[in-house]
Amino acid sequence: MFRDVSACNTYNYGDALYWDARYIQEANCGSFDWYQRYSALRPFIRKYISPSSRVLMVGCGNAAIEMMRKKYEDVPQLKYMQMDVRDMSFFPDDSFDSVIDKGTLDSLMCGTDAPISASQMLGEVSRLLKPGGLYMLITYGDPTVRMPHIHQPVYNWKIELYIIPRPGFQRPAGSTASRSHLEPVPLTEKGLLPADYVLEDPDSHFIYVCKKIDEPIDLSDISTNPLTDGEMQR
């Protein structure tokens, strides 16, 4: 029901053994960035995350922990730790100003018990964020498959959405962009894209900027009508 099979293909992205084997296979291929390069994400990071922020990046991708520890051993501000994103009780509440997630939630969505795993991880992210803190999620998941998970009253997040084309995307000759990808995308009351919205790149990435509101939400003012199965699927 909630498993985002559209992004999983035939690979078991939710299995740690898959990633261990892949990192060994690609060890000599050089470094690369999943999804988006930093140059594309820099405007969003600079806009929303202060250089003085205490930041947690959940999931390090092919930047294996031991390798990064050695590479940046002269930068004590950077700490690399291995733990389960569904249980980060090592950190106390309100530990971070910002949390960045580039593909980690997507991996959980490809695993077994995806809804439970996603809920556990997002609950931990919310717990670790200070009031006014920010969760930046970079994902393949469009609002139909991500909003049911992140747009929950318990997290108390105000959400903005940005959509950016994949690296290397070329617009068809003669086409013109109607909107800058540095502008937030308007959403419906249910948190979905407008019916007439057309993705410039069908394989775009979605950036959800989720700000933890200081004031508690009055749950009596929030509709409890769930999205239908059709709305939850891509």
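Everything that follows concerns the structure shown earlier in this document.
Here's a quick rundown of the structure. Everything quoted here is computed from the prediction, not taken from an experiment.

**So, the pairing of strand β1 (residues 55-58)**
Of the two faces of β1, only the one carrying Leu56 and Val58 is buried; Val55 and Met57 on the other face are not. Across 4 bridges, β1 lies against strand β2 (residues 96-102) in parallel orientation. Following the sheet pairing, Val58 is matched in β2 by Asp101.

**A closer look at the pattern of salt bridges**
Within the structure shown, the criterion is met by 7 salt bridges. Note that Arg86 and Asp84 form a salt bridge whose closest N and O atoms lie 2.9 Å from each other. Overall, the relative accessible area of 34% leaves Arg86 in the partly exposed class. Overall, Asp84 belongs to the partly exposed group, its relative accessible area being 34%. Between Arg171 and Glu200 there is a salt bridge, and its shortest N-O distance comes to 2.1 Å. With Arg171 in the loop between β4 (157-164) and β5 (205-212) and Glu200 in the loop between β4 and β5, this pair connects stretches of sequence that are 29 residues apart. Among the residues examined, Glu200 registers a relative accessible area of 37% and is labelled partly exposed.

**Some details on the sheet that holds β1**
Read from one edge to the other, the open sheet built from 5 strands follows the order β1-β2-β3-β5-β4, with strand pairing classed as mixed. With one partner strand each, in any of the chains shown, β1 and β4 form the two edges of the open sheet. Averaged over all pairs of adjacent strands, the angle between strand axes in this sheet comes to 15°, irrespective of strand direction. Strand direction decides the pairing type here: β4 and β5, joined by 8 bridges, are antiparallel. If you follow Ile163 over to β5, its bridge partner there is Phe206.

**A few points about the side chain of Gln36**
By secondary structure assignment, the location of Gln36 is in the loop between α1 (16-25) and α2 (38-48). Using a relative accessible area of 3% as the deciding quantity, one classes Gln36 as buried. A polar contact of 2.7 Å, which involves the side chain of Gln36, links it to the side chain of His205. Those residues within four positions of Gln36 in sequence are excluded, and the remaining contacts are Leu41, Lys102, Ile164, Pro165, Arg166, Pro167 and His205.

Here is what the cut-offs are and how they apply
- Residues numbered from 1 in each chain as written.
- Predicted model: local features only at pLDDT ≥ 70, side-chain atom pairs only at ≥ 80, totals over all residues.
- Heavy atoms only, no water.
- Buried < 20%, exposed > 50% of the residue type's maximum accessible area, 1.4 Å probe, protein only.
- Helix = DSSP H or I, 4+ residues; strand = E, 2+ residues; numbered from the N terminus.
- Pairing = 2+ DSSP bridges.
- Salt bridge = Lys/Arg side-chain N within 4 Å of Asp/Glu carboxyl O.
- Axes fitted to C-alpha atoms, helices over the stretch in contact; angles between N-to-C directions.
- Polar contact = N/O pair within 3.5 Å; in protein donor to acceptor, adjacent residues only side chain to side chain.
- Contact = heavy atoms within 4.5 Å.

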